[in-house]
There are 2 protein chains.
Amino acid sequence: MDSDELRNAGLKVTTPRLKILTLLENATERHMTAETIYRLLAEGGEVIGLATVYRALAQFEAAGLITRHHFDSGQTVYELERGPHHDHIVCIRCGRVEEFYDKVIEERQREIAASLGYKLSDHALTLYGECNSPDCLAGKG
Amino acid sequence: MDSDELRNAGLKVTTPRLKILTLLENATERHMTAETIYRLLAEGGEVIGLATVYRALAQFEAAGLITRHHFDSGQTVYELERGPHHDHIVCIRCGRVEEFYDKVIEERQREIAASLGYKLSDHALTLYGECNSPDCLAGKG
DNA sequence: GTTGCAAACGATAACGATTCTCAATATAGA
DNA sequence: TCTATATTGAGAATCGTTATCGTTTGCAAC
Ligand SMILES: [Mn+2]
Ligand SMILES: [Mn+2]
Ligand SMILES: [Zn+2]
Ligand SMILES: [Zn+2]
């Protein structure tokens, strides 16, 4: 249950937090901005202050429930931290975001950090390109 | 000469642009924010409007003279586009930025994009960790 | 070397994303 | 149920960045 997840994270169980967490679990798009989350909730009749959305997301991140990404598009995007680590490829034409995991790259990153004398704690890898989805190609004009 | 570089880029040769380009070439730090560039110029007695700094950087980027990066620290950082492509590793303690190039990772990125049906156009890879420079370790407190 | 005019400049207003403030309200434990 | 404390929502404030606009400059034709 979502309320358990909040309690386990050391957070009080409040209506806004439950609504936001539930949306993150059920939305078709895994990667969303704070604005998008705010808007989707509002469209579903759940009006929650934008400041509260930002606050909840910051707390969820601190608790390890979600991760944030800074794609080149500007706005911060959030996603539920479920399943194994992965990186992203973003379509520069339609905005589609896909996930991938590459053992070779992950391993090389560790070797590079070590060889430069760094204690590696995180990394951000995003590929940018044009996807081949029919919808995207259609709008190619 | 810097003025040639501006002309070749199709830009008028103006005092602010020359000052900014020269700073980018001579500064000890290759990776700087717009604010830092503005401040370093001001400290050197070259007062240039902040808006002009942003404008010049945008034009330099469009002309391919510089590249911009979005590290997790928030602000956009700029660097002269000289020499071969590289990625970055950033110290989360002292902010040091180092560069690296890894042929294996570059190759895997191309393969991943291709296997997902994307026409790869760019990528951003940044590693985060703690460096082992004496200065950084000293302030470990 | 002047002149003319588009391009660029600087100051500052505006902007979008995010964070802060604070009075009102809800949560969780006694 | 009662209370102490955390959380909320509305809006102000902040931060980095971009747009506006009157003034100045680069530069090419005279
Ligand atoms: Mn993801
Ligand atoms: Mn670099
Ligand atoms: Zn696409
Ligand atoms: Zn360091």
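Residues numbered from 1 in each chain as written. Chains lettered and ligands numbered in written order. Predicted model: local features only at pLDDT ≥ 70, side-chain atom pairs only at ≥ 80, totals over all residues. Heavy atoms only, no water.

Draft legend 1. Expanded view of the domain arrangement of chain A. All names here are of chain A. According to the domain assignment, chain A consists of domain 1 (1-82) and domain 2 (83-141). For domain 1 versus domain 2, the distance between C-alpha centres works out to 22 Å. Roughly 690 Å² of surface becomes buried between domain 1 and domain 2 when both sides are summed, with 53% attributable to carbon and sulfur atoms. If you look at where domain 1 meets domain 2, you find one salt bridge. Between Arg-30 and Glu-99 there is a salt bridge, and its shortest N-O distance comes to 3.0 Å. Run the count over domain 1 and domain 2 and you get six residue pairs in polar contact (both at pLDDT 80 or more). Residues that form the side of domain 1 that touches domain 2 fall into these classes: one nonpolar, two polar and five charged. (Domains from an automatic or database assignment. Buried area = accessible area lost by both parts, 1.4 Å probe. Salt bridge = Lys/Arg side-chain N within 4 Å of Asp/Glu carboxyl O. Polar contact = N/O pair within 3.5 Å; in protein donor to acceptor, adjacent residues only side chain to side chain. Nonpolar A, V, L, I, M, F, W, Y, C, P; charged D, E, K, R; others polar.)

Draft legend 2. Just the sheet that holds strand β2 (residues 66-69) of chain A, in detail. The three strands lie next to each other as β1-β3-β2 (chain A), forming an open sheet whose pairing is antiparallel. Looking at which strands have only one partner, the edges of the open sheet turn out to be β1 (32-33) and β2 of chain A. (Pairing = 2+ DSSP bridges. Helix = DSSP H or I, 4+ residues; strand = E, 2+ residues; numbered from the N terminus.)

Draft legend 3. Broad picture of the protein's contact with DNA strand D. Around DNA strand D, 19 residues are found, and the nearest of them are Thr14(A), Arg17(A), Thr52(A), Arg55(A) and Tyr54(B). What you see for DNA strand D is that sugar and phosphate hold 75% of its atoms within 4 Å of the protein. At 2.4 Å, a side-chain N or O of Tyr54(B) approaches a phosphate oxygen of DNA strand D. Looking at the surface near DNA strand D, the elements with two or more residues in it are α2 (15-26) and α4 (50-62) of chain A together with α4 (50-62) of chain B. (Near = heavy atom within 4 Å.)

Draft legend 4. Seen up close, the protein's contact with DNA strand C. With respect to spatial proximity, 19 residues lie near DNA strand C, and among them Val13(A), Tyr54(A), Thr14(B), Thr52(B) and Arg55(B) are the closest. In DNA strand C, the atoms that sit within 4 Å of the protein are 76% sugar and phosphate, with bases accounting for the remainder. Taking Gln75(A), its side chain carries an N or O atom lying 3.2 Å from a phosphate oxygen of DNA strand C. In this structure, Arg55(B) approaches DNA strand C through a side-chain N or O atom, which is 2.7 Å from a base nitrogen. The set of elements that each furnish at least two residues to the surface near DNA strand C consists of α4 of chain A together with α2 (15-26) and α4 of chain B. Take the surface near DNA strand C: its biggest share by element is four residues, from α4(A).

Draft legend 5. Structural detail: the environment of Leu125(B). With respect to the element layout, Leu125(B) can be found in strand β6 (residues 119-130). Expressed as a C-alpha distance, the spacing of Leu125(B) and Ile105(B), which sit 20 residues apart in the sequence, is 9.7 Å. Leave out the neighbours within four places in its chain, and Leu125(B) touches Gln109(A), Ala124(A), Leu125(A), Asp87(B), His88(B), Phe100(B), Ile105(B) and Gln109(B). (Contact = heavy atoms within 4.5 Å.)

Draft legend 6. The arrangement of the relation of the copies chain B and chain A in detail. Rotating chain B by 180° and moving it 0.0 Å along the rotation axis overlays it on chain A with an RMSD of 0.1 Å. This pairing of chains is accounted for by a two-fold axis. For chain B, the smallest separation between a C-alpha atom and the rotation axis is recorded for Leu125(B), amounting to 2.2 Å. Interface overlap between copies is the fraction of interface residues in one copy that are interface residues in the other; for chain B against chain A it reaches 100%, indicating a shared surface. (Least-squares fit on C-alpha atoms with pLDDT ≥ 70 in both.)

Draft legend 7. Spatial organisation of the coordination of the manganese ion (ligand 1). Residues and elements named next belong to chain A. At this site the manganese ion (ligand 1) is bound by His-31 (NE2), Glu-79 (OE), Glu-79 (OE), His-86 (NE2), His-88 (NE2) and Glu-99 (OE), with donor distances of 2.1 to 2.4 Å. Taken together, the six donor atoms coordinating the manganese ion (ligand 1) and their angles of 56 to 163° define a geometry best described as irregular. In primary sequence terms, the donor set of the manganese ion (ligand 1) follows H-x47-E-x6-H-x1-H-x10-E. Taken together, the positions of His-86 in the loop between β3 (77-80) and β4 (87-91) and Glu-99 in strand β5 (residues 97-100) put the pair 13 residues apart, joining distant regions of the chain. (Donors = N, O, S within 2.8 Å, 3.2 Å for Na, K, Ca; no water. Tetrahedral: all angles 85-135°; square planar, octahedral: opposite > 155°, others 65-115°.)

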